[in-house]
Amino acid sequence: MAKRSIDGQALTQLILEIFRINGELLNAGNRITKPFGLTSARWQIMGAIDEEGQPLTVSQIARRMGLARQGVQRIINDVEKLGLVTGSMNIDHKRAPLFSLSGEGKKVMAKINAAQAEWVNALSKDLSAQQLTEIQNTLQSIREQSENSN
């Protein structure tokens, strides 16, 4: 049975902390989105469309967010029923509609983005942009190495 190296053990501890912070960030997202009738999961899907600034297919959203396509489809169906996103014909792939934020979806996202800005500004007050960029670069490198090891 293989044992973890010192570096492997350190990375394992980092991974466990990422799992914990992921749970906390989902909880924080639920607190931020609750006044607007959404959840972190719905916000994440709508946020992918909002950030891209153009319509996306379910598969594109799933890839950008690192999620399962089936889960994204379920959430897209939910937010479409709420009138927050609209589907349109995709001339490149007839079976994969493009989804964009509706007028109401844009209004809700603007309110959520404002609430998130207040929260994240308070959370980052004792951290520097340089520290956060270094952490982001490290996490991106770990993700890329993991993706390439498959």
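Residues numbered from 1 in each chain as written. Predicted model: local features only at pLDDT ≥ 70, side-chain atom pairs only at ≥ 80, totals over all residues. Heavy atoms only, no water.

A description of the environment of leucine 84 should follow, citing residues and the corresponding values.
Within the fold, leucine 84 resides in the loop between α4 (69-81) and β1 (85-88). The exposure class assigned to leucine 84 is buried, which follows from its relative accessible area of 7%. Separated by 37 residues in sequence, leucine 84 and asparagine 121 place their C-alpha atoms 27 Å apart. (Helix = DSSP H or I, 4+ residues; strand = E, 2+ residues; numbered from the N terminus. Buried < 20%, exposed > 50% of the residue type's maximum accessible area, 1.4 Å probe, protein only.)

So what's going on with the side chain of serine 40? Which residues, and what values?
By the element assignment, serine 40 lies in helix α2 (residues 40-52). A polar contact is formed between the side chain of serine 40 and the backbone oxygen of leucine 26, at a distance of 2.7 Å. Excluding residues within four positions of it along the chain, serine 40 makes contact with Leu25, Leu26, Gly29, Asn30 and Thr33. (Polar contact = N/O pair within 3.5 Å; in protein donor to acceptor, adjacent residues only side chain to side chain. Contact = heavy atoms within 4.5 Å.)

Can you tell me about a nonpolar patch on the surface, naming the residues and giving the values?
Taken together, the side chains of Leu11, Leu14, Ile15, Leu16, Ile18, Phe19, Ile21, Leu25, Leu127, Leu132, Ile135 and Leu139 present a nonpolar region at the surface, about 970 Å² in accessible area. Contributions of two or more residues to the nonpolar patch are made by α1 (6-33) and α6 (129-148). For the nonpolar patch, the element with the most residues is α1, which contributes 8 residues. Positionally, isoleucine 135 belongs in helix α6. (Patch = residues over 30% accessible without salt bridge, like charges linked within 9 Å, V, L, I, M, F, W, Y side chains within 5 Å. Areas by Shrake-Rupley, 256 points an atom, 1.4 Å probe, with all protein chains shown as cover. Salt bridge = Lys/Arg side-chain N within 4 Å of Asp/Glu carboxyl O.)

Please set out the packing of α2 against α4 residue by residue, giving values where relevant.
Look at α2 against α4: their axes get within 10 Å of each other, and the N-to-C directions meet at 90°. In this view, α2 runs roughly perpendicular relative to α4, as classed from their interaxial angle. Contact with α2, carried on its side by Ala41, Arg42, Ile45, Met46 and Ile49, involves Val72, Ile75, Ile76, Asp78 and Val79 of α4 and no other residues of that element. (Axes fitted to C-alpha atoms, helices over the stretch in contact; angles between N-to-C directions. Parallel < 35°, antiparallel > 145°, perpendicular 65-115°, else oblique.)

Which residues make up the pattern of salt bridges, and what are the values?
Should their charged atoms come close, side chains of opposite charge can pair. Scanning the model with the defined rule gives 7 salt bridges in all. Here glutamate 17 makes a salt bridge to arginine 20, at a shortest N to O gap of 2.9 Å. Linking glutamate 17 with arginine 20, this pair stays in helix α1, spanning 3 residues, or about one helical turn. You can call glutamate 17 partly exposed: its relative accessible area is 42%. A cluster of three or more residues bridged by salt bridges with shared partners is formed by Arg42, Arg74 and Asp78.

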